[in-house]
Amino acid sequence: MPASMKSQKNFAVRRPLRLGIDIGSTTLKLAVLDDHDQIIYSKYARHYANLKDTLISALQELDDYLSNRPFLPAFTGSGSIDLAGYLELPFIQEVTAGYKAIKRFLPEAAVVIEIGGEDSKIIFLENGTDLKMNGICAGGTGAFIDQMALLLNTDAQG
């Protein structure tokens with residue numbers, strides 16, 4: 001081993017972490033994966049239609065947690081299409097992102113159900129792939145549950 005490398009044997013190369021940012025109709029979600037696909041940080045926040053400030057706040061918290069460690073971001077979700085384009089960062093459509101994640105991490109799954117703030121999706125994974133989505137009514141979604149919770153003077157958990 002060259003002498004220059006021996007003197008640096010305690011030096012650890014810190015590769016960028018992978019950061020997924022999902023901005024939907026009602027919430028912002030962050031997840032950071034390490035080199036072993038383990039989630040080392042996550043954040044879930046309602047954005048109340050204030051996407052910019054919610055994202056900035058979440059990224060500042062993330063930066064504090066990671067101690068200025070570099071990361072590679074990618075966006076998904078209906079609220080981040082324009083933002084990803086403006087920032088010239090990768091965007092992957094949310095159904096495609098969900099499909100790829102399930103195939104990678106839960107390949108035995110037969111059905112995926114995603115209930116969002118304004119729509120619900122179901123992906124059938126056996127005998128090919130089929131997607132069904134409610135596009136007319138928000139009943140049974142996060143927004144509907146929030147509205148009913150307000151009427152009952154409680155929160156979504158209540």
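As a starting point, this report considers the structure included with it. Worth saying up front: this structure is predicted, and the values here are computed from it rather than measured.

Here we look at the overall build of the chain
Point 1. If you tally the helices and strands in the chain, you get five helices and seven strands.
Point 2. Listing every helix and strand of the chain by position from the N terminus yields α-β-β-β-α-β-α-α-β-β-β-α.
Point 3. The burial tally for the chain puts 25% of its 158 residues in the buried class.
Point 4. Partitioning the intrachain contacts of the chain with sequence separation of at least 6 by distance along the chain shows that 36% fall at a separation of at least 24.
Point 5. In the structure as shown, the chain presents an accessible area of about 10,900 Å², 57% of it carried by carbon and sulfur atoms.

Description of the nonpolar core
Point 1. By size, the foremost hydrophobic cluster in this structure holds 14 residues, and its most contacted members are Ile21 and Leu30.
Point 2. Contributing elements (two or more residues each) for this core: β1 (17–23), β2 (27–33) and α2 (51–66).
Point 3. Ile21 has contacts with Lys29, Leu30, Leu55, Leu59, Pro73, Ala74, Phe75 and Thr76, leaving out every residue within four places of it along the chain.
Point 4. Core analysis: the next-biggest nonpolar cluster, separate from the first, contains five residues, Ile102, Val112, Ile123 and Leu125 among them.

Overview of helix α4 (residues 94–105)
Point 1. With 12 residues, α4 should reach 16 Å at 1.5 Å per residue; the first-to-last C-alpha distance of 16 Å fits that figure.
Point 2. Two or three places before Val95, at the opening of α4, Gln93 has a side-chain oxygen 2.7 Å from that residue's backbone nitrogen.

A few points about the packing of aromatic side chains
Point 1. Throughout the structure, instances matching the rule amount to one aromatic pair.
Point 2. Seen from their ring centres, Tyr41 and Tyr65 are 5.0 Å apart, and the 40° between their planes marks the pair as tilted. Linking Tyr41 in strand β3 (residues 39–46) with Tyr65 in helix α2, this pair joins segments that are 24 residues apart in sequence.
Point 3. Since its relative accessible area comes to 49%, Tyr65 is described here as partly exposed.

What to know about the sheet that holds β3
Point 1. If you walk across this open sheet you meet the four strands as β3-β2-β1-β4, and the pairing is mixed. With partners counted over all chains shown, the strands left at the sheet margins are β3 and β4 (71–76), one partner each. Between one strand and the next, the sheet's axes are offset by a mean angle of 15°, whatever the strand orientation.
Point 2. Across seven bridges, the pairing between β2 and β3 is antiparallel. Looking at β3, one finds that Lys29 is bridged to Tyr44.

Concerning the side chain of Thr54
Point 1. Take Thr54: it is sitting in helix α2.
Point 2. The class of Thr54 is buried, set by a relative accessible area of 15%.
Point 3. Among the polar contacts made by the side chain of Thr54, one reaches the main-chain carbonyl oxygen of Asn50 at a distance of 2.7 Å.

Some words on the pairing of strand β7 (residues 130–134)
Point 1. Pairing of strand β6 (residues 120–124) with β7 involves five bridges; the strand directions are antiparallel. Counterpart to Ser120 in the pairing with β7 is Asn134.
Point 2. Linking two consecutive strands that pair antiparallel, namely β6 and β7, is a turn of five residues; a positive phi of about 55° is found at Asn127 within it.

The rules behind the values
- Residues numbered from 1 in each chain as written.
- Predicted model: local features only at pLDDT ≥ 70, side-chain atom pairs only at ≥ 80, totals over all residues.
- Heavy atoms only, no water.
- Helix = DSSP H or I, 4+ residues; strand = E, 2+ residues; numbered from the N terminus.
- Buried < 20%, exposed > 50% of the residue type's maximum accessible area, 1.4 Å probe, protein only.
- Contact = heavy atoms within 4.5 Å.
- Areas by Shrake-Rupley, 256 points an atom, 1.4 Å probe, with all protein chains shown as cover.
- Core = buried A, V, L, I, M, F, W, Y, C linked by side-chain atoms within 4.5 Å.
- Expected span 1.5 Å × (residues − 1).
- Polar contact = N/O pair within 3.5 Å; in protein donor to acceptor, adjacent residues only side chain to side chain.
- Phe/Tyr/Trp six-rings, centres within 6.5 Å; stacked < 30°, edge-to-face > 60°.
- Pairing = 2+ DSSP bridges.
- Axes fitted to C-alpha atoms, helices over the stretch in contact; angles between N-to-C directions.

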